[in-house]
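Structural characterization, general
The lines below spell out each chain.
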Amino acid sequence: MKTRTIILILALAAMAAGSAFATTPCPPSTPWPAAVGPMVKAVPWVVPVAPLCSITPHDVISGQSTIVKATVDAASVYYWDFGDGSPAMSWTAVSNPYDLGAAHTYTGSVGQSFTATVYVRDIALNVNSAKYYVTIRDGSTLAVQVNVAIDRALWFLHRGQSWKSGSGSAIVGNWYGGGNYGYVYAYWVGVSAANTTAFLVNGHAPDADPNNPDPYGETAIRGLNQTLNGLAVQAIPSSETNSHGTFNPDVNGNGIGTYVNNTDPPYQGGMVMDMLVASGMPAYAAPVGATGVVGQTLATITQDMMDWYSYCQQINAGSENGGWRYYCQYGTSDNSVCQWAAIGMIAAIDKFGLSLPAFIGSPPPPGSPVILANLDWVAYDQSPAGFWGYDGPGYIAWSKGAVTPSGMVQLVMDGVTRGAPGGPMNMWDKGENWLRANMQGGGANGWDNPLNYWYGMFSFTKAMLQYPGGALTQLCGRDGSNNLVNCVDWYSDPSVGVATTIVPAQNADGFWWGHEYSGEQDYFETAWATIMLNRTV
């Protein structure tokens, strides 16, 4: 997997120092930028950051085609010297400055490194270049296969961001285009958020500075701004009462809640919150957006989105109190929606340090009424067999493979963990036991198997990685005494692993498609797969 320890330490240091951006990229050459001529940027595998500026080459597999990748601001022609003694390209017209990619096959022994160089020339005959580093790795190992898959996917997502506009810090970009790029496009704000998150969790900090040597920094800031433009605000009250008591949903006291101004806002809001947190830039002020969004820090926007979810949680809905559905206080709950509320709020609390509302009172009772109400919902909706329903116990609209992982990730938000061996099975134990029995390789169990239904596999991955107290690496069944049995590495097991399921399903062009019950979910699949493979969910 990628070595990210240094990046994360530096990101935290930069944030502590008050910097809006999480990292300081290193200049790839001296001088940077070039004094004259076009600015060419090779895509880094891990962005070199100050002060160490270490180079981490792209993994390639001997005998397997790869893409050497670069962008340019303004040039008429380019060519690649692949650095392995093979013939270089001829000067080639630049048809898309965001895509100076070229396919090449490296051969050699494991550990052998090569440096490819891309040359660009403008109409004034100024020539500049950039370096692209690769190392041959053992293609039989899962870690290498994962790195290669992520590398392909990010390039596909980068090329697919075909609609661009704006200037300065307000540049935006949407995923729209013909051909294969349609596989990552839809009108939903959540698609822009998920695609952007794929870059963020792989270390590509959003940055509108044209001198940033990481070309994916521009891709990320365009996606972030596009997503911010899809938000709106509404007034929310300072007092709300659910079945557990009275609370103020407006935690930061600014009188508004922020939501996705698009179809089914509760579905998409969690994806946006997850993206905002993945940026690692809580102090960054939004350069675009509606009134109430533009000029606000990402931390404030995320808190306002969490406040909106707190206000919009179902009340006065009987046994369906405590969940969410298609719009604010819909009247009933839907586990397909509820997972996104949980995913967004877990990220906001764990990474940005934000808060859910407490009870009003002196002294206030312990706990959050939002969490207590959600516990009521997940308890009501879970069947004795361990799986969760769609909008009631035992009712399965599409499959158990989606709504059961949703129940699990809600339990993570609610702080529920494994029960004690020898004791009774709690909600988590029942759900994990059911998942272990139904997550089987070879396409078994149809849509009830999250390995076949990636909407559910995404929330399952979230639940395991964000388990209270630290990530779970093993998915386990239970015996009659609630002891852990039949445990497997849920990520890398050869038969039932998430990564071993995702990697071989990738299209040669870099995208994933067709592992969802409903076709509109397929547009998210490339981003979700990339995020899951990285294991930084």
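Each value, and the rule that gives it
- Residues numbered from 1 in each chain as written.
- Predicted model: local features only at pLDDT ≥ 70, side-chain atom pairs only at ≥ 80, totals over all residues.
- Heavy atoms only, no water.
- Helix = DSSP H or I, 4+ residues; strand = E, 2+ residues; numbered from the N terminus.
- Rg over C-alpha atoms; globule rule 2.2 N^0.38 Å.
- Buried < 20%, exposed > 50% of the residue type's maximum accessible area, 1.4 Å probe, protein only.
- Contact = heavy atoms within 4.5 Å.
- Areas by Shrake-Rupley, 256 points an atom, 1.4 Å probe, with all protein chains shown as cover.
- Lys, Arg positive; Asp, Glu negative; His and termini not counted.
- Charge placed at Lys NZ, Arg CZ, Asp CG, Glu CD.
- Salt bridge = Lys/Arg side-chain N within 4 Å of Asp/Glu carboxyl O.
- Pairing = 2+ DSSP bridges.
- Axes fitted to C-alpha atoms, helices over the stretch in contact; angles between N-to-C directions.
- Phe/Tyr/Trp six-rings, centres within 6.5 Å; stacked < 30°, edge-to-face > 60°.
- Disulfide = S-S within 2.5 Å.
- Patch = residues over 30% accessible without salt bridge, like charges linked within 9 Å, V, L, I, M, F, W, Y side chains within 5 Å.
- Core = buried A, V, L, I, M, F, W, Y, C linked by side-chain atoms within 4.5 Å.

Examining the overall build of the chain
Along the chain, the regular secondary structure elements total 13 helices and 17 strands. In terms of overall size, the chain behaves like a compact globule, its C-alpha atoms giving a radius of gyration of 24 Å where 537 residues would be expected to give roughly 24 Å. Here the chain holds 537 residues, and the buried ones make up 55% of them. Intrachain contacts of the chain at a sequence separation of at least 6 include 66% that bridge at least 24 residues. On the chain, roughly 19300 Å² of surface is accessible, and the fraction owed to carbon and sulfur atoms is 54%. A distance of 7 Å separates the average location of the 20 positive side-chain charges in the chain from that of its 36 negative side-chain charges.

A few points about the pattern of salt bridges
Applying the stated criterion across every chain yields a total of 10 salt bridges. The partner of D59 in a salt bridge is R137, with the nearest N and O atoms 3.2 Å apart. Residue D59 is found in strand β2 (residues 58-61), and its partner R137 is found in strand β9 (residues 127-137); the two are separated by 78 residues along the sequence. Between E432 and R478 there is a salt bridge, with its nearest N and O atoms 2.7 Å apart.

Things to note about the sheet that holds β2
Strand order across the open sheet formed by 5 strands is β2-β9-β8-β5-β6, with mixed pairing between neighbours. The open sheet has two free edges, formed respectively by β2 and β6 (92-93), since each of these has just one partner strand. Of the pairings in the sheet, the one linking strand β5 (residues 77-81) to β6 comprises 2 bridges and is antiparallel in character. In the strand pairing of β6, V77 is matched with A93. Lying on the sheet, helix α2 (residues 142-160) is in contact with β2 and β9; it crosses β2 at an angle near 110°.

A closer look at the packing of aromatic side chains
How two aromatic rings sit relative to each other is set out by the distance from centre to centre and by the angle between their planes. If you walk through the whole model with that rule in mind, you get 32 aromatic pairs. A centroid spacing of 5.5 Å and a plane angle of 80° characterise the contact between W308 and Y309, whose relative ring orientation is edge-to-face. Using a relative accessible area of 3% as the deciding quantity, one classes W308 as buried. On the basis of relative accessibility, which here comes to 1%, the residue Y309 falls in the buried class.

Considerations on the state of the cysteines
Per the counting criterion, the structure on display carries 3 disulfides. Residue pairing for C26: its cysteine sulfur links by disulfide to C53, the two sulfurs lying 2.0 Å apart. Here C26 and C53 share a disulfide; its torsion about the S-S bond, -85°, makes the bridge left-handed. Placement of C26 in the loop between α1 (5-16) and β1 (40-42) and of C53 in the loop between β1 and β2 is noted, with a sequence separation of 27 residues between them. Residue class for C53 comes out partly exposed when judged on its relative accessible area of 33%. Between the sulfur atoms of C312 and its disulfide mate C328 the distance is 2.1 Å. In this structure, the disulfide formed by C312 and C328 twists by about -90° around the S-S bond and is classed as left-handed.

Thoughts on the environment of N174
Among the secondary structure elements, N174 is positioned in strand β11 (residues 172-174). Looking at N174, the relative accessible area reads 17%, which means it is buried. As for N174 and P38, which are separated by 136 residues in sequence, their C-alpha atoms are 25 Å apart. The contact partners of N174, leaving out residues within four places of it in the chain, are G160, Q161, S162, W163, Y185, S192 and Q226.

Thoughts on the environment of I360
Inspection of the secondary structure puts I360 in the loop between α7 (335-352) and α8 (369-381). For the pair I360 and K131, spaced 229 residues apart in the sequence, the C-alpha separation amounts to 59 Å. Ignoring sequence-local partners within four residues, the contact set of I360 consists of S238, S239, T246, F247 and N248.

Some details on a nonpolar patch on the surface
Taken together, W398, W447 and Y517 make up a surface patch of nonpolar side chains, about 300 Å² in accessible area. In this fold, W447 is placed in the loop between α10 (427-438) and α11 (454-465).

A look at the nonpolar core
Ranked by internal contacts, the top residues of the largest apolar core, which has 142 residues, are W80, L228, W428 and L533. Sort the elements by how many residues they give to this core and α7 lands first, with 11 residues. Dropping the residues within four chain positions of it, L228 is found in contact with L276, A286, P287, V288, G289, V293, L298 and I301.

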